[in-house]
Amino acid sequence: VLFDGEQRVLPEDLVDTSARSQFKSDDGVLHEQERDVVKRWKHGKIVIALLGLENQTKPDENMPLRVISYEGASYKSQLLDGEKNFYPVITLVLHFGKQHWEKARSLYEKLEVPEELRPYVNDFSINVFEISYLSEEQLTMFRSDFGVVAEYFVRSRTDPGYKPERKVIQHVDAFLKLMKAVTGDHRYEEVRKSVRKGVSITMCEVLDYREKRGIERDRRVLNRLNDLLLEDGRIEDLKRSTRDSDFQQKLLDEYGLKV
């Protein structure tokens, strides 16, 4: 997304750096903040930029304030580290929700700035990419596993009968961790634990695994519900739950069970 599909940021040029920074509030208390992903983009010994990714599953109206805080901390760090050649800090906000990002995209949208003060108040805009609304052309630009992630979110919104291409996922562990984080679906974690290291897998197989794990988990929960009803002597409730899904859900809630 940074260079419209041109592969200028190479994996081997990205270096891990701390995602945590600290700031002191007005009352003098020291606070810590943490970014989702942050990498130094280097060419040899030269740092070209600091790249930060913020993964959002729903719009955050305070995102401009958060991002300016992250980037300010990164520039402050360069000062404290005695950098002689300062480098830019770039933050990309990746929004995975099915709703459009209709919250603030700039600092001015969060502030009430009198007209006479506007010449002295710097605005600040954030870079928001709505993954579920990427175009077909944009989907073809991805060369990494993220292309599979992006396609999943676009197709999940536009195509109920979506069947993914059988593209082999290169970094299975990281891929499944990301899918769990941005979907909130814990079945991806169960899939991750069940896939043997080094085994090739496609998104089609991941979704099959996910559904299978979900069915197995649901069966275990329902069996647990039946056991509890039997223990409590609620035979009639047990019989009714097999015929009435709404009543079954009521019983699940009563016993604190989730499917």
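Definitions and cut-offs
Residue numbering note: each chain is counted from 1, following its sequence as written. Selection of residues for local features in this predicted model requires a pLDDT of at least 70, selection of side-chain atom pairs for listing and counting requires 80 or more, and totals for whole chains, interfaces and linings are taken over all residues. Side-chain figures throughout are based on the complete set of non-hydrogen atoms in the structure, without hydrogens or water. Every helix listed is a DSSP run of H or I at least four residues long, and every strand listed is a run of E at least two residues long, numbered separately from the N terminus. Each radius of gyration is computed over the set of C-alpha atoms, and the globule rule expresses the reference value as 2.2 Å times the number of residues to the power 0.38. Working rule for contacts: check all heavy atoms of both residues, and any pair within 4.5 Å makes them a contact. Under the counting rule used here, the positive set is Lys and Arg, the negative set is Asp and Glu, and His together with the chain ends is not counted. The location of each charge is read from NZ of Lys, CZ of Arg, CG of Asp or CD of Glu. Among buried residues, the Ala, Val, Leu, Ile, Met, Phe, Trp, Tyr and Cys ones that are joined through side-chain atoms within 4.5 Å form a nonpolar core. Buried, partly exposed and exposed residues are distinguished by accessible area as a fraction of the type maximum, computed with a 1.4 Å probe on protein chains only: under 20%, between the cut-offs, and over 50%, respectively. Only protein atoms enter the 1 Å grid used here. Points where a 1.4 Å probe fits but cannot escape make up a cavity, open sets with protein on both sides within 12 Å along at least five of seven lines make up a pocket, and a residue lines them when an atom lies within 4 Å of a point. Grid points are joined across faces, edges and corners, and a volume is the space filled by probe spheres set on the points. Salt-bridge detection follows one rule: a side-chain nitrogen of Lys or Arg within 4 Å of a carboxyl oxygen of Asp or Glu. The pairing criterion for strands is at least two bridges between them, as found by DSSP. Axes, fitted as lines to C-alpha atoms, cover a helix only where it is in contact. Angles between the N-to-C directions of the axes lie from 0 to 180 degrees. Note on ring pairs: Phe, Tyr and Trp rings are taken, using the six-membered ring of Trp, and paired if centres are within 6.5 Å. Classes follow the plane angle, with under 30 degrees stacked, over 60 edge-to-face and the rest tilted.

**A word on the overall build of the protein chain**
Next, step 1: A count of helices and strands for the protein chain gives 8 helices and 7 strands.
Next, step 2: Compactness check: the protein chain gives a C-alpha radius of gyration of 24 Å against a globular reference of 18 Å for 259 residues, more than 25% above the reference.
Next, step 3: Contacts in the protein chain between residues far apart in sequence, at least 24 positions, make up 57% of those at least 6 positions apart.
Next, step 4: Across the protein chain, the mean location of the 43 positive side-chain charges is 5 Å away from that of the 47 negative side-chain charges.

**Quick notes on the nonpolar core**
Next, step 1: Of all hydrophobic cores here, the largest spans 29 residues; its most connected members are Ile 131, Phe 175 and Met 203.
Next, step 2: Looking at this core, the elements that each hand over two or more residues are strand E6 (89-95), helix H3 (146-158), helix H4 (172-183), helix H5 (187-194) and helix H6 (203-231).
Next, step 3: When residues in this core are grouped by element, the largest group, 7 residues, is from H3.
Next, step 4: Each residue touching Phe 175, except ones within four places of it in the same chain, is listed here: Asp 145, Val 148, Val 149, Ile 169, Met 203 and Val 206.
Next, step 5: In terms of nonpolar packing, the next biggest core, distinct from the first, is built from 9 residues, Val 221, Leu 229, Phe 247 and Leu 257 among them.

**Side note on the layout of surface pockets**
Next, step 1: What the largest pocket holds in volume is close to 1,600 Å³.
Next, step 2: Lining of the largest pocket is provided by 40 residues; of these, Leu 14, Leu 53, Phe 142, Ser 144 and Phe 146 occupy positions nearest its centre.
Next, step 3: Counting only elements with at least two residues in the lining of the largest pocket, the list comes to strand E4 (37-43), strand E5 (46-56), E6, H3 and H4.
Next, step 4: No other element matches H4, which puts 5 residues into the lining of the largest pocket.
Next, step 5: Volume-wise, the second largest pocket comes out at about 420 Å³.
Next, step 6: What lines the second largest pocket is a set of 22 residues, and nearest its centre among them are Arg 20, Ser 21, Ala 73, Ser 74 and Ser 77.

**A word on the side chain of Glu 151**
Next, step 1: Counting through the fold element by element, Glu 151 comes out in helix H3.
Next, step 2: Ignoring anything within four residues of it in the chain, the contact list for Glu 151 reads Leu 139, Tyr 162 and Glu 165.

**A word on the pattern of salt bridges**
Next, step 1: Taken as a whole and judged by the stated rule, the model has 16 salt bridges.
Next, step 2: Through salt bridges with shared partners, a single network forms among Arg 35, Glu 54, Asp 60 and Arg 66.

**Overview of the sheet that holds strand E1 (residues 14-16)**
Strand pairing in a sheet takes place through backbone hydrogen bonds and is either antiparallel or parallel in direction.
Next, step 1: One open sheet accounts for 5 strands, arranged E1-E4-E5-E6-E7; its pairing is mixed. One side of each edge strand has no neighbouring strand; the edge strands of this open sheet are E1 and strand E7 (127-130). For this sheet, the mean angle separating the axes of adjacent strands, direction not counted, is 30°.
Next, step 2: Note that E6 and E7 share 4 bridges and pair parallel. Pairing of Leu 92 across the sheet is with Asn 127, part of E7.

**A few points about the packing of aromatic side chains**
Next, step 1: Per the stated rule, a full pass over the model turns up 6 aromatic pairs.
Next, step 2: When the ring of Phe 96 is compared with that of Phe 146, the centres are 6.3 Å apart and the planes differ by 65°; the resulting orientation is edge-to-face. Here Phe 146 lies in helix H3 and Phe 96 lies in the loop between E6 and E7, a separation of 50 residues in the sequence.
Next, step 3: The exposure class of Phe 96 is buried, given its relative accessible area of 3%.
Next, step 4: Ring pairing ties together the aromatic residues Phe 96, Phe 142, Phe 146, Tyr 152, Phe 153 and Tyr 162, which thus form one cluster.

**Considerations on the pairing of E6**
Next, step 1: The buried fraction of E6 amounts to 6 of the 7 residues, a majority that puts the element mostly inside the structure.
Next, step 2: Taken together, the 7 bridges between E5 and E6 define a ladder with parallel strand orientation. Residue pairing in the sheet places Leu 51 in a bridge with Ile 90 of E6.

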